[in-house]
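Remarks on the overall topology
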Amino acid sequence: MKPILYDETDTIRDVFVHEPGLECRIAIEAEDPSMWLFDPALKGVKGSEWIEQARREHLQYVKLLEVQGVQVHYLTNLLKQNEAVLRMKLEEALKSAVAQKLIATESAEDFSKKMQMSLVNAALCGVTMKFEDYQKLEEAGLSILIPKPNAYFSQDTFAIIGNHFIKLKPATWQRSGEPELWEIALQPNSRHYYQMHHISEGGDITVVKNKVFVGIGTRTEPYAAQELYWLYKNKRFHCIDD
């Protein structure tokens, strides 16, 4: 499976999704769900009940796609196929966080145990620490350790344009760890790769008949559109060896 997209109005062949999982409880059961970009009205809702309903809706959507012959690819399955890379990234980040004293030894040991139980779930749920300390991980370039309760919005954090995988840059630190998971999941299947330097979101990027349309707003800044234009004009892609 090679991620390729030249026209979003063509018949859909492949879709990349993530089923809402245990990581969502971190946001729903937080003191204020909006801290994790969730609806504050969810305060007091049982995480397990919300996840159950969200999963039902997700599976209904997936079934509609599959009935139409669409191949559905799950983030969790793709990550399991590349667990060696995922483990290396998580271990390196954890080691760096401990060395920089960004995470307590207790939390690091707890995360290591989670990795042994389920590497993918550990990556999605992240390390356990005070909410106000998570942003320090993002500032240190260790976002892969941050919980990812919004990961089911799979369109937001990466883009496929032509045969290029583009790792986007979310506007909020809470979502800064998601692009790296999709990078690990899809990069082995992508011929070309690029990391965006300006704030950008996949929902604002549309490909129609080999043309790229970029919506400008709070989640995608004007410089991101200029960066994409420069990128394609100058073909500044990193070519991944087969």
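These lines cover the structure that appears in this document, whether it is placed above or below. (Residues numbered from 1 in each chain as written. Predicted model: local features only at pLDDT ≥ 70, side-chain atom pairs only at ≥ 80, totals over all residues. Heavy atoms only, no water.)

Topic: the pattern of salt bridges
- The full count for this structure, using the stated rule, is 11 salt bridges.
- Between Arg 25 and Glu 29 there is a salt bridge whose closest N-O contact spans 3.1 Å.
- For Glu 29, a relative accessible area of 42% gives the class partly exposed.
- With its nearest N and O atoms 2.8 Å apart, the salt bridge here joins Arg 175 to Glu 178. Of the two residues, Arg 175 and Glu 178, neither departs from the other in class, the shared state being buried.
- Within the structure, one salt-bridge network assembled from shared partners comprises Asp 156, Arg 175 and Glu 178. (Salt bridge = Lys/Arg side-chain N within 4 Å of Asp/Glu carboxyl O. Buried < 20%, exposed > 50% of the residue type's maximum accessible area, 1.4 Å probe, protein only.)

Brief notes about the pairing of strand S5 (residues 192-195)
- Bridge analysis of strand S4 (residues 164-167) against S5 gives four bridges, and the strand direction is parallel. Each residue of the ladder has a partner; that of Ile 166, found in S5, is Tyr 194.
- Taken together, S4, helix H8 (residues 178-186) and S5 constitute a β-α-β crossover, and its handedness is right-handed. (Pairing = 2+ DSSP bridges. Helix = DSSP H or I, 4+ residues; strand = E, 2+ residues; numbered from the N terminus. Right-handed = clockwise from strand over helix to strand, strands pointing away.)

Details of the packing of helix H4 (residues 83-99) against H8
- Viewed as axis vectors pointing N to C, H4 and H8 meet at an angle of 150°, and their least axial separation amounts to 9 Å. Considering the angle they form, H4 stands roughly antiparallel to H8. Our pair here, H4 against H8, has a crossing hand that is right-handed. Here Val 85, Leu 86 and Lys 89 of H4 lie close against H8, whose contacting residues are Glu 180, Leu 181 and Ile 184. (Axes fitted to C-alpha atoms, helices over the stretch in contact; angles between N-to-C directions. Parallel < 35°, antiparallel > 145°, perpendicular 65-115°, else oblique. Left-handed = near helix turned anticlockwise from the far one by under 90°. Contact = heavy atoms within 4.5 Å.)

Comments concerning helix H2 (residues 47-67)
- Spanning 21 residues, H2 covers 30 Å between terminal C-alpha atoms, matching the ideal 30 Å at 1.5 Å per step.
- Along H2, the positions that sit buried rather than exposed are Gly 47, Trp 50, Ile 51, Ala 54, His 58, Val 62 and Leu 65. The arc that holds every buried residue of H2, seen down its axis, measures 95°, which confines them to one face. More than 90 degrees from the buried face of H2, the exposed residues found are Gln 60, Lys 63, Leu 64 and Val 67.
- On its buried face, H2 is in contact with strand S1 (14-17), helix H1 (23-28) and strand S2 (71-74).
- Among the residues trailing H2, Gly 69 stands out with phi positive, at a value near 85°. (Expected span 1.5 Å × (residues − 1). Arc of directions from axis to C-beta.)

Digging into the side chain of Asn 150
- Structurally, the position occupied by Asn 150 is in the loop between helix H7 (131-139) and strand S3 (158-161).
- For Asn 150, the contacting residues outside a window of four places in its chain are Trp 36, Leu 37, Phe 38, Arg 175 and Glu 178.

With respect to H4
- For H4, built from 17 residues, the straight-helix expectation of 24 Å at 1.5 Å per residue is met to within 8% by its first-to-last C-alpha distance of 24 Å.
- Residues of H4 that are buried: Leu 86, Leu 90, Ala 93, Leu 94 and Ala 97. When H4 is viewed along its axis, its buried side chains cluster within an angular range of 100° and face the same direction. Exposed and oriented more than 90 degrees from the buried face of H4 are Ala 84, Glu 92, Lys 95 and Ala 99.
- The elements touched by buried residues of H4 are helix H3 (75-81), helix H5 (105-117), helix H6 (119-125), H7 and H8.

Describing the packing of aromatic side chains
- Enumeration according to the criterion identifies 13 aromatic pairs in this entry.
- A ring pair is formed by Phe 16 and Phe 158, whose centres lie 6.2 Å apart and whose planes are at 75°; its orientation type is edge-to-face. Remark: Phe 158 occurs in strand S3 and Phe 16 occurs in strand S1; sequence separation between them is 142 residues.
- Residue classification places Phe 16 among the buried residues on the basis of a relative accessible area of 15%.
- For the pair Phe 165 and Tyr 193, a centre-to-centre distance of 6.0 Å together with 10° between the ring planes defines the contact as stacked. Separated by 28 residues along the polypeptide, Phe 165 in strand S4 and Tyr 193 in strand S5 bring together distant segments of the chain.
- Tyr 193 sits in the buried class, given a relative accessible area of 13%.
- Through a chain of ring-to-ring contacts, three or more aromatic side chains come together here, namely Phe 16, Phe 158, Phe 165, Trp 182 and Tyr 193. (Phe/Tyr/Trp six-rings, centres within 6.5 Å; stacked < 30°, edge-to-face > 60°.)

Purely geometric stuff here, so don't read any function into it on its own.
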